[in-house]
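Descriptive analysis of the structure
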Amino acid sequence: MNNYLKNKLTTIQQIGEYRSDALNQIGIKNVEDLLYYFPRRYLDRSTVKKTNQLIVGEECTIVGQVQRIWTEKTRRGTILKVSISDDYGLLTLNWFGGIRWIKKMFIVGDWISVSGKINFFQGFNINHPDFDFLGSDVGNLNTGFIVPIYSSTENLKKKGINSRLFRKIFKEIFREMRKDVPDPIPLNIRNENKLDGLVKSFNSIHFPKDEQSLQRAKYRFKFQELLMLQSVLAIKRKIIRSEKCEAQCKKAGDLVTNLYKKLPFDLTDSQKKVTREIYSDLKSDVPMNRLLQGDVGSGKTIVSAIASAIMTENNFQTAIMAPTEILAEQHFQNFQKYFTPWGIDCELLIGKQTKKQREKILPKIASGETQIVIGTHALIQEQVKYSKLGLVIIDEQHRFGVDQRMSLIKKGLHPHVLSMTATPIPRTLSISIYGDMDTSIIDEMPKGRKPIVTRVVNEDKLPKVYDFIKSQVSLKQQVFVVYPLISESEKMDLQAAEIGFKKLSHIFSNYKVGLLHGKMKKVEKDLVIEKYKSGKMDILVSTTVVEVGVDIPNATVMIIENAERFGLSQLHQLRGRIGRGGKKSYCILVNRKYTEQGSKRLRILQETNDGFKISEADMKLRGPGEFFSAKQSGLVDLKIANLLEDGDILKKARISAFSIIKDDPKLENENNSDFKEFFLKNNKDKLNYASIG
Ligand code: ADP
Ligand code: MG
């Protein structure tokens, strides 16, 4: 069957080679792509005001025809003025800058819509309005008619491709297109979810009859988008689970019991619960693929140690990958404490080790003599061979790319995988990114933790802050001063910390001040951390190297410089370094660039210690794309769905996606062929280790 959607752009009357090229450049290659170029917004006639209805100070939209374009010289400089009229009167638009460029855009007789705040000075006017060119076809809008507005780049505009032309193009397409073009959402899914068909939905999204039909169309396309996203996850999950794990565990015996016995604390109920979940996975011959979420300090490390103990007892190796050397070293020390007494060999693998050190360790890993290996991405290097790698643990997993994770997993025997993250994320986001994994959540802090008191201060309060530090240090408490990333370059970062260190050494000349940063040699770093841990140092100035995982129970004060430059979740992570010892702790966020919005943002940290609430607020402020690195999430591709608002649609789309893949894992069913074609076209790259096609 000839599929109209696949027609070349030039089959449309309004589009010749010249325009086709311009559209190709923004990724529109055929009629289908064009139809998915949805309006940026709509102009609803009912919300548009006429020039005789204007009220000073009100924000509104007016549609009118350009009457005159001129400039006026004033004491302050030149103003560009454009007057427009509707049937009821005149409105003047003013621009104080960018004049030459804006002036060229208008031609007398153009119909435009403008939005902005109404002023009155020698008649009604708006300064720097938003505007759209409508074209003459909407000069006489009828009530209830919703006009689509399309975004258009400079280049497109130059070639006459503006909202007006888009409307003409779509009118033509809808005249030509038959009702039976392939619909990527299978019929049964459409029926179950009461979704409109593709053609009707395209019609309603480009030319909505009314608000309701627009909403129905948006719903359908959001569903479709989320269905595709979830299908990727459903397939990944299916593939992982179809492999037979060769590291099936039979028992959790003495070693686990011994480990428990030596712990200086009892596990929280949450830790017990997730440990059981993990154990039941490890016993199965389906590889575990589990995400362990738990706020900073909730005690994920001991859970991972227990999982490693189970593996060890069953004669499989465990590899634990951490994002920084400091963190890997800390895990290593903890694991040695847990395991060495029982004769179990743990080794550390990090980039800084000498060739000689490495030559000693690698054969032990390859022979299986070493049961537990802890390291950074050094673990995934070519030369590292494992003997029976049965469990891969990835700490702070959001710090690693998919490829890095995969390379470690590939070194094993279809191993179990436990990913851990301290970045709690809202449920909708979590099932969009990690929807192929099972999740376990530690939602409880170890007993006796005192909540951290957080304060946002401006620079002028620093003397008081320093007095406070003195009072704390004299009580034998330890202080962190963190200089977070100032610029993209690590050098600058370092510089800020070094300058801070000099300044603070001077201010606190009676106390011991130390400096820690990522560029230091390992021995130097160790020395500093060791001194600090043992209480021989009062104040530790550092870069963000302390961000992840570093554990120093006696530190009760953290000052974070230039806090305004950070995401809230990152600040939350940072402050999680303190308040671990059961003493009252304080986090002071120094805001060096005061804005109302900025301090409102930071005050969220003052109000709550709940990582989930913070990440939700953070995501609302920064958007999910910023929140997660683009390449790992695939969320940047979402054009119409919004994960913060469309949670209900997401749930339904997820159920549908998993049911499609469950019944037809290779998408061989004729009923799914249109789905398959669309799905593969748009998602092939995300299925890098899937085998459909
Ligand atoms: P995170 O989840 O951030 O990785 P850690 O595993 O580093 O947290 O644990 C933080 C601190 O809490 C460590 O010092 C650890 O020994 C301690 N801890 C872990 N579990 C408990 C518990 N159940 N009771 C008391 N302290 C605990
Ligand atoms: Mg940790």
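Residues numbered from 1 in each chain as written. Chains lettered and ligands numbered in written order. Predicted model: local features only at pLDDT ≥ 70, side-chain atom pairs only at ≥ 80, totals over all residues. Heavy atoms only, no water.

1. Brief notes about the overall build of the protein chain
To keep things clear, this is the line we draw: Where helices and strands are cited, they refer to DSSP runs of H or I of at least four residues and of E of at least two residues respectively, numbered from the N terminus. Accessible area is worked out with a 1.4 Å probe on protein chains only. A residue is then buried under 20% of its type maximum, exposed over 50%, and partly exposed in between. Only the protein chains shown count as cover for residues, with accessible areas throughout obtained via the Shrake-Rupley method and a probe of 1.4 Å. Note on charges: Lys and Arg go in the positive column, Asp and Glu in the negative column, and His and the chain ends are not counted at all. Charged groups are reduced to one reference atom each: NZ for lysine, CZ for arginine, CG for aspartic acid, CD for glutamic acid.
In terms of regular secondary structure, the protein chain is built from 24 helices and 23 strands. Seen through its principal axes, the protein chain has C-alpha atoms that stretch 90 × 70 × 45 Å. Evaluated residue by residue, the protein chain yields a buried proportion of 55% over its 693 residues. Summing over all exposed atoms, the protein chain offers an accessible surface of approximately 32,700 Å²; the carbon and sulfur share of this is 50%. Seen as two clouds, the 109 positive and the 80 negative side-chain charges of the protein chain have centres 3 Å apart.

2. Focus: the packing of aromatic side chains
Test applied: Between the rings of Phe, Tyr and Trp (Trp by its six-membered ring), a pair exists once the centres lie within 6.5 Å; its type follows the angle of the planes, with under 30 degrees stacked, over 60 edge-to-face, and the other angles tilted.
Counted by the stated rule, this structure contains 22 aromatic pairs. Measuring from centroid to centroid gives 5.0 Å for Tyr 36 and Phe 202, while their planes differ by 75°, and the two rings are edge-to-face. Taken together, the positions of Tyr 36 in the loop between α2 (31–35) and β1 (41–44) and Phe 202 in helix α7 (residues 198–206) put the pair 166 residues apart, joining distant regions of the chain. The class of Tyr 36 is buried, set by a relative accessible area of 12%. With centroids separated by 5.0 Å and ring planes inclined at 45°, the aromatic side chains of Phe 106 and Phe 131 adopt a geometry described as tilted.

3. Side note on the pattern of salt bridges
Cut-off, in case you're wondering: We count a salt bridge whenever a side-chain nitrogen from Lys or Arg sits within 4 Å of a carboxyl oxygen from Asp or Glu.
Applying the stated criterion across every chain, the model contains 25 salt bridges. Salt-bridge contacts for Lys 222 lead to Asp 646; the nearest nitrogen and oxygen are separated by 3.2 Å. Separated by 424 residues along the polypeptide, Lys 222 in helix α8 (residues 211–242) and Asp 646 in the loop between α22 (630–633) and α23 (647–663) bring together distant segments of the chain. A relative accessible area of 15% means that Lys 222 is categorised as buried. The buried category is assigned to Asp 646, whose relative accessible area is 7%.

4. Side note on the domain arrangement of the protein chain
Spelled out, the test is: All domain edges in this entry derive from an automatic or database-based domain assignment.
What the domain assignment reports for the protein chain is domain 1 (41–149), domain 2 (254–283 + 299–421) and domain 3 (453–608). Placing a centre on the C-alpha atoms of domain 2 and another on those of domain 3 gives a separation of 30 Å.

5. Things to note about the confidence of the model for the protein chain
This is how the line gets drawn: Known as pLDDT, the predictor's per-residue confidence is scaled from 0 to 100. Whether two residues are in contact is decided by their heavy atoms, any of which lying within 4.5 Å being enough.
Across the protein chain, the average pLDDT comes to 87, with 92% of residues at 70 or higher. Taking the mean pLDDT of every element in the protein chain, the minimum, 46, falls on α22 and the maximum, 98, on strand β14 (residues 372–375). Below a pLDDT of 50 lies the segment residues 139–144, which in the model reaches eight contacts outside its immediate sequence neighbourhood of four places, other chains included. A low-confidence stretch, residues 689–693 (pLDDT under 50), is modelled with 17 contacts involving residues beyond four sequence positions or located in other chains.

6. Things to note about empty space enclosed by the protein
The criterion, for reference: With a 1 Å grid laid over protein atoms only, a set of points is called a cavity when a 1.4 Å probe fits there but cannot get out and a pocket when it is open yet has protein on both sides within 12 Å along at least five of seven lines; lining residues have an atom within 4 Å of a point. Grid points are joined across faces, edges and corners, and a volume is the space filled by probe spheres set on the points. Asp, Glu, Lys and Arg are counted as charged, while Ala, Val, Leu, Ile, Met, Phe, Trp, Tyr, Cys and Pro are counted as nonpolar; the rest, among them Gly, fall into the polar class.
Overall, the coordinates contain two cavities of 30 Å³ or more when judged by the stated rule. Taken as a whole, the largest cavity holds about 90 Å³ of empty space. Taken together, Asn 3, Leu 5, Lys 6, Glu 32, Pro 182, Asp 183, Pro 184, Asp 674, Glu 677, Phe 678 and Lys 681 form the lining of the largest cavity. At four residues, the largest contribution of residues to the lining of the largest cavity is made by helix α24 (residues 673–683). Broken down by class, the residue content of the lining of the largest cavity amounts to four nonpolar, one polar and six charged. Of the voids in this model, the second largest cavity is the one considered here, and its volume is about 40 Å³.

7. Side note on the packing of helix α11 (residues 300–313) against helix α12 (residues 325–339)
Spelled out, the test is: Here, axes are lines fitted to C-alpha atoms. For helices the fit covers the stretch in contact, and angles between N-to-C directions go from 0 to 180 degrees. An angle below 35 degrees is treated as roughly parallel, one above 145 as roughly antiparallel, one from 65 to 115 as roughly perpendicular, and anything else as oblique. For any helix crossing, the convention is left-handed if the near helix is rotated counterclockwise from the far helix by under a right angle, and right-handed if that rotation is clockwise.
Following both chains from N to C, one finds α11 and α12 inclined at 50°, their axes separated by 11 Å at the closest point. What the angle tells us is that α11 and α12 run oblique. Between α11 and α12 the crossing geometry is right-handed. Here α11 contributes Thr 301, Ile 302, Ser 304, Ala 305, Ser 308 and Ala 309 to the contact with α12, which in turn contributes His 331, Phe 335, Tyr 338 and Phe 339. Among the residues forming the contact of α11 with α12, the class breakdown is six nonpolar, four polar and no charged.

8. Quick notes on the pairing of β14
Put simply, the test is: Paired strands, as defined in this entry, are two strands with at least two bridges between them according to DSSP.
Because side chains alternate across β14, one face comprises the buried residues Ile 372 and Ile 374, and the other comprises Val 373 and Gly 375, equally buried. Of the strand pairs in this sheet, strand β12 (residues 317–321) and β14 are connected by four bridges, and their pairing is parallel. By the bridge assignment, Thr 318 is partnered in β14 with Ile 372. Pairing between strand β13 (residues 346–349) and β14: four bridges, direction parallel. By the bridge assignment, Cys 346 is partnered in β14 with Ile 372.

9. Remarks on the environment of Trp 111
Looking at the secondary structure, you find Trp 111 in strand β6 (residues 111–117). Each C-alpha atom, one on Trp 111 and one on Val 402, is 50 Å from the other, the two residues being 291 residues apart in sequence.

10. Concerning the environment of Ile 62
Summarising the element assignment, Ile 62 is placed in strand β3 (residues 59–74). For the pair Ile 62 and Arg 220, spaced 158 residues apart in the sequence, the C-alpha separation amounts to 31 Å. Apart from the residues within four sequence positions on either side, Ile 62 is in contact with Val 48, Lys 49, Thr 51, Leu 54, Ile 84, Asp 86, Leu 91, Ile 112, Ser 113, Val 114, Ile 118 and Ile 126.

11. With respect to the nonpolar core
Counted only if it meets this: What is meant by a nonpolar core is a set of buried Ala, Val, Leu, Ile, Met, Phe, Trp, Tyr and Cys residues, joined one to another through side-chain atoms within 4.5 Å.
In terms of nonpolar packing, the biggest core is built from 70 residues, with Leu 34, Leu 35, Phe 170, Ile 173, Met 177 and Leu 226 touching the most fellow members. At the level of elements, α1 (17–25), α2, α5 (163–176), α7, α8, α15 (427–433), α23 and α24 are the ones that each hand at least two residues to this core. At twelve residues, α8 tops the list of elements feeding residues into this core. Discounting chain neighbours no more than four positions away, the residues touching Met 177 are Tyr 4, Leu 5, Leu 35 and Val 199. Counting residues in hydrophobic clusters, the runner-up holds 41 residues, among them Cys 249, Leu 259, Ala 322 and Ile 393.

12. Observations concerning the sheet that holds strand β23 (residues 585–591)
Read across the open sheet, the six strands follow the order β18-β23-β22-β19-β21-β20; overall the sheet is parallel. Both edges of this open sheet fall to β18 (452–458) and β20 (513–516), since each of them pairs with a single strand only. Neighbour to neighbour, the strand axes of the sheet diverge by 20° on average, direction disregarded. Sheet analysis places strand β19 (residues 478–482) next to strand β21 (residues 539–542), joined by four bridges and oriented parallel.

13. A closer look at the sheet that holds β12
With parallel pairing, seven strands are arranged side by side in an open sheet as β13-β14-β12-β15-β16-β11-β17. On the outer flanks of this sheet lie β13 and β17 (438–442), each paired with one strand and no other. Ignoring which end each strand starts from, the neighbouring axes of this sheet average 20° apart. Against the sheet, helix α13 (residues 355–367) makes contact with β12, β13 and β14, and its axis sits at roughly 125° relative to β13, the strand it touches most.

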